[in-house]
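Analysis of the macromolecular model
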Amino acid sequence: MKETSNIFSNAPALPGPSIQRQLGQADLTFKELVHALPVAIYTCDSEGFIDFFNPAAMALWGRKPEIGKDKWHSFWNYCHADGSAMPLDECPVAITLKSGQIFSAKESKIKKNDHPCSKLLVSPCPIFNEHHHIIGVHNTVVDVTMQKQDEEKKAMLSALVES
């Protein structure tokens, strides 16, 4: 398998040669590896239309997106820390699509329909073509709502013990 050009910023586009040799004739492909990950991963084109996602992303969104029809922001509304609505152009994925800025585990708050707000760590990263133009974004999303709730409970218990 020939390694392709690096379109995912500073990450290799395919597993490195040593992993490829170890995989040998196995049926396991890079796409299958991404599909098996327990964190949500998706890509979108330069206009924000989803063109790839793994099952964890579908579970986070609560439905299967239509490739090329649904945009990265179609499934929830972003919120500021206080719960007020965040304009789309202030969201990490929108900023990455526009400027190429990379975010690493940026905490975000979202609201889906009538559900309480969820807290996510998002890591959008631009995808460049061979001319270094942004042609899309790949994003890794981790739902940290439960961890944040646990931290809040521990803080309340610590405050009670100290008082």
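Further up the page is the structure itself.
Residues numbered from 1 in each chain as written. Predicted model: local features only at pLDDT ≥ 70, side-chain atom pairs only at ≥ 80, totals over all residues. Heavy atoms only, no water.

**Notes on the overall build of the chain**
Operational definition: Helical segments are the DSSP runs of H or I of at least four residues, strand segments are the runs of E of at least two, and each set is numbered from the N terminus. Throughout this description, buried means an accessible area under 20% of the type-specific maximum (1.4 Å probe, protein chains only), exposed means over 50%, and partly exposed covers the range between.
Helix and strand counts for the chain come out as five helices and seven strands. Mapped in sequence order, the helices and strands of the chain form the string α-α-β-β-α-β-α-β-β-β-β-α. Relative to its full complement of 163 residues, the chain shows a buried share of 34%.

**Regarding helix H4 (residues 92–99)**
This is how it is decided: Every residue pair with non-hydrogen atoms within 4.5 Å of one another is taken to be in contact.
Buried within H4 are the following residues: Pro92, Val93, Ala94, Thr96 and Leu97. Its buried side turned inward, H4 meets strand E1 (40–45), strand E4 (106–111), strand E5 (118–122), strand E6 (125–128) and strand E7 (134–143). Positioned one or two residues after H4, glycine 100 has a phi angle of 85°, which is positive.

**Examining the side chain of serine 118**
In this fold, serine 118 is placed in strand E5. Look at serine 118 and you get buried, because its relative accessible area is 15%. The residues contacting serine 118, other than those within four sequence positions of it, are Ser108, Lys109, Ile110 and Thr145.

**Structural notes on the packing of aromatic side chains**
What counts, and what does not: Pairing of aromatic rings covers Phe, Tyr and Trp, the last through its six-membered ring, and needs centres within 6.5 Å; plane angles under 30 degrees mean stacked, over 60 mean edge-to-face, and all others mean tilted. By definition, being over a ring means that NZ of Lys or CZ of Arg is both within 6 Å of the ring centre and within 35 degrees of the ring normal.
Counting across every chain of the model gives five aromatic pairs. Measuring from ring centre to ring centre gives 6.4 Å for tryptophan 76 and tyrosine 78, while their planes differ by 80°; the resulting arrangement is edge-to-face. Accessibility assignment for this pair places tryptophan 76 and tyrosine 78 in one class, buried. Grouped by ring-pair contacts, the aromatic residues Tyr42, Phe53, Trp61 and Phe75 constitute a single cluster. Stacked on the ring of phenylalanine 49, the Lys or Arg lysine 71 has its end atom at 4.9 Å from the ring centre.

**Some remarks on the pairing of E6**
This is how it is decided: Strand pairing follows a simple DSSP-based rule, namely that at least 2 bridges must link the two strands.
Here E6 pairs with E7 via four bridges, running antiparallel. Directly across from isoleucine 127, in E7, lies its bridge partner glycine 136. Where E6 folds back on E7, the antiparallel hairpin that results is connected by five residues, among which histidine 132 adopts a positive phi of roughly 65°.

**Some thoughts on the environment of asparagine 113**
Structurally, asparagine 113 can be placed in the loop between E4 and E5. Residue classification places asparagine 113 among the exposed residues on the basis of a relative accessible area of 67%. Between the alpha carbons of asparagine 113 and asparagine 77 there is a distance of 8.5 Å; along the sequence they are 36 residues apart.

**Here we look at the nonpolar core**
Here is the rule: We call a set of buried Ala, Val, Leu, Ile, Met, Phe, Trp, Tyr and Cys residues a nonpolar core when their side-chain atoms join them within 4.5 Å.
By size, the foremost hydrophobic cluster in this structure holds 23 residues, and its most contacted members are Trp61, Trp72, Trp76 and Tyr78. Counting only elements with at least two residues in this core, the list comes to E1, strand E2 (50–53), helix H3 (55–61), H4, E5 and E7. In terms of residue count, H3 provides more of this core than any other element does, four residues in total. When near neighbours in sequence (up to four residues on either side) are disregarded, tryptophan 76 contacts Leu60, Trp61, Ile110, Lys111, Lys112 and Leu120.

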